[in-house]
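One letter stands for each residue in the lines below.
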Amino acid sequence: MGSILIKNIQLDGQKRNVLIEGKRFRSLSAADGAVAETIVDGSGKALLPGLYNAHTHSAMTLMRGYGDDTPLEMWLNQYIWPFESHLTQNDIQKGYDLATREMTQTGTVFFNDMYFHIEDAVKAVEESGLRACLSVVALNGHPHANIEAELDFLKQWRDPTGGRISFAMAPHAIYTVPEEKLLWMTRFAREHGMKIHIHLSETRTEVEDCLKAHGMRPIAYLDSLGVLGPDVIAAHCVHVTQEEADVLAERQVTIVHCPCSNMKLGSGIFSYERMIQAGCRITLGTDGASSSNNLDLREAMKFAAMLAKVGGNPQLLPAKQVFDWATRCGAEAFGIDAGIIAEGKLADGILVDLENVKMQPCHNLISNFVYSADSSCIAGVLCDGKLIYQKS
Ligand SMILES: [Zn+2]
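Throughout what follows, the structure given in this document is the object of discussion. Nothing here was measured: the structure is a model prediction, and the numbers come from that model. (Residues numbered from 1 in each chain as written. Predicted model: local features only at pLDDT ≥ 70, side-chain atom pairs only at ≥ 80, totals over all residues. Heavy atoms only, no water.)

Quick notes on the pattern of salt bridges
- Applying the stated criterion across every chain, the model contains 19 salt bridges.
- Notably, a salt bridge pairs Arg64 with Glu102, separated by 3.0 Å at the nearest N-O pair. With a gap of 38 residues between them, Arg64 in the loop between strand S6 (51-56) and helix H1 (72-85) and Glu102 in helix H2 (residues 89-105) connect regions that are remote in the sequence.
- Given the relative accessible area of 13%, Glu102 is considered buried.
- The salt bridge involving Arg190 is made with Asp231; its shortest N-O contact spans 2.8 Å. With Arg190 in helix H5 (residues 179-191) and Asp231 in the loop between helix H7 (218-224) and strand S11 (232-236), this pair connects stretches of sequence that are 41 residues apart.
- Note on Arg190: relative accessible area 35%, which makes it partly exposed.
- Among the charged side chains, a salt-bridge network with shared partners connects Lys23, Arg131, Asp348 and Asp384. (Salt bridge = Lys/Arg side-chain N within 4 Å of Asp/Glu carboxyl O. Helix = DSSP H or I, 4+ residues; strand = E, 2+ residues; numbered from the N terminus. Buried < 20%, exposed > 50% of the residue type's maximum accessible area, 1.4 Å probe, protein only.)

And the structure:
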């Protein structure tokens, strides 16, 4: 069992020695004389929880900066899907590698992914040391969507990561997956204890088309099919009435707010006040690097907080709350026993460089990290008891 001792690191406003044994935090106030296989100098650094990215399409790093400044439907139909039809499996592997490197360097320890060729995603996760929930994706007519092949792979799969990977069924959206397949995937996920990962109420067009086709808005439609439940991870939920927010809260659906993608694609403004009033479970995501245009969840925290305030009330979505969405709430949504720095919890975390100019002065660490920092402030990343990134 490996061990790491991080000496003299700032935690909860005090200098501490943090001892990690195996995968978990053993002591947050170890003695100066404590011993460990690896000693890390934490001087001038603070320890914060790692970031849990609850919605992305990681290998879409390949399409970063491609088809910018277009609305969702045009962006998908004229740019993204035609581009993807030319990608080889080898290209996609490179996309996964690029994504895991970017996430590691920006403080992310977990990502909930919706993309193709799970086998390649597994390799990238295994090599990076990150955690992930990977999806079997249904997307009508997409050349890389192959449910049978993905399920065949999962049948013979043996976890090489010691529990860092879980799986979900991902019907892409109500407008890209026929009802019958959506229902089959929901049943399959529930029989196998998998999450159900879907885009929901992302654009006004989606809502209007659903009203035309089913006489109901998307959330009511999915609820009428029995899809909504505590195992559902619903990305976006931008166009949501108060009644719909109440349904999402009642069904304990995990909502993933993706502010950068919603703003860039002009999809709309997340209904923060409605969601909070209803008591919804909220987490944070970047969406793919083709719409956000990076996988930096710290940046998404800042945009989410700003977007909540832009209507005129600066008290909405304080830094501590958005930080909780990106850390504790994300880990909880995926049943990962982490998301806070506490003895006995899985040792995920970020070593923040307090000597970086963007972190000085430090009146409030969380505020600096949400509003001022960038990835240059990240000195190291811990995941599952291992130091998976150290800034050189
Ligand atoms: Zn998405």
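Examining the packing of helix H12 (residues 297-309) against helix H13 (residues 319-333)
- Their axes nearest at 9 Å, the elements H12 and H13 cross at an angle of 140°. Two packed elements cross with a definite hand, and for H12 against H13 that hand is right-handed. Side by side, H12 and H13 meet where Leu297, Met301, Ala304 and Ala305 of the first sit next to Val322, Phe323 and Ala326 of the second.
- Taken together, the residues of the contact of H12 with H13 sort by class into 7 nonpolar, no polar and no charged. (Axes fitted to C-alpha atoms, helices over the stretch in contact; angles between N-to-C directions. Left-handed = near helix turned anticlockwise from the far one by under 90°. Contact = heavy atoms within 4.5 Å. Nonpolar A, V, L, I, M, F, W, Y, C, P; charged D, E, K, R; others polar.)

A closer look at the layout of surface pockets
- Considering only enclosed or pocket space, the largest pocket measures out at about 320 Å³ in volume.
- Asp12, Leu48, Pro49, Phe323 and Ile366 are, among the 17 residues lining the largest pocket, the residues nearest its centre.
- Counting residues per element, the ones that place at least two in the lining of the largest pocket are strand S1 (3-11), strand S5 (45-48), H13 and helix H14 (365-372).
- The leading source of residues in the lining of the largest pocket is H13, at 4 residues.
- Taken together, the residues that form the lining of the largest pocket break down as 10 nonpolar, 4 polar and 3 charged.
- Reported here for the second largest pocket is a volume of approximately 190 Å³.
- In this structure, the second largest pocket is lined by 15 residues; those nearest its centre are Gly2, Gly22, Asp384, Gly385 and Lys386.
- Among the secondary structure elements, those contributing two or more residues to the lining of the second largest pocket are S1 and strand S16 (386-390).
- Considered class by class, the residues forming the lining of the second largest pocket number 3 nonpolar, 7 polar and 5 charged. (1 Å grid on protein atoms, 1.4 Å probe; cavity = no way out; pocket = protein on both sides within 12 Å on 5 of 7 lines; lining within 4 Å. Points joined across faces, edges and corners; volume = space filled by probe spheres on them.)

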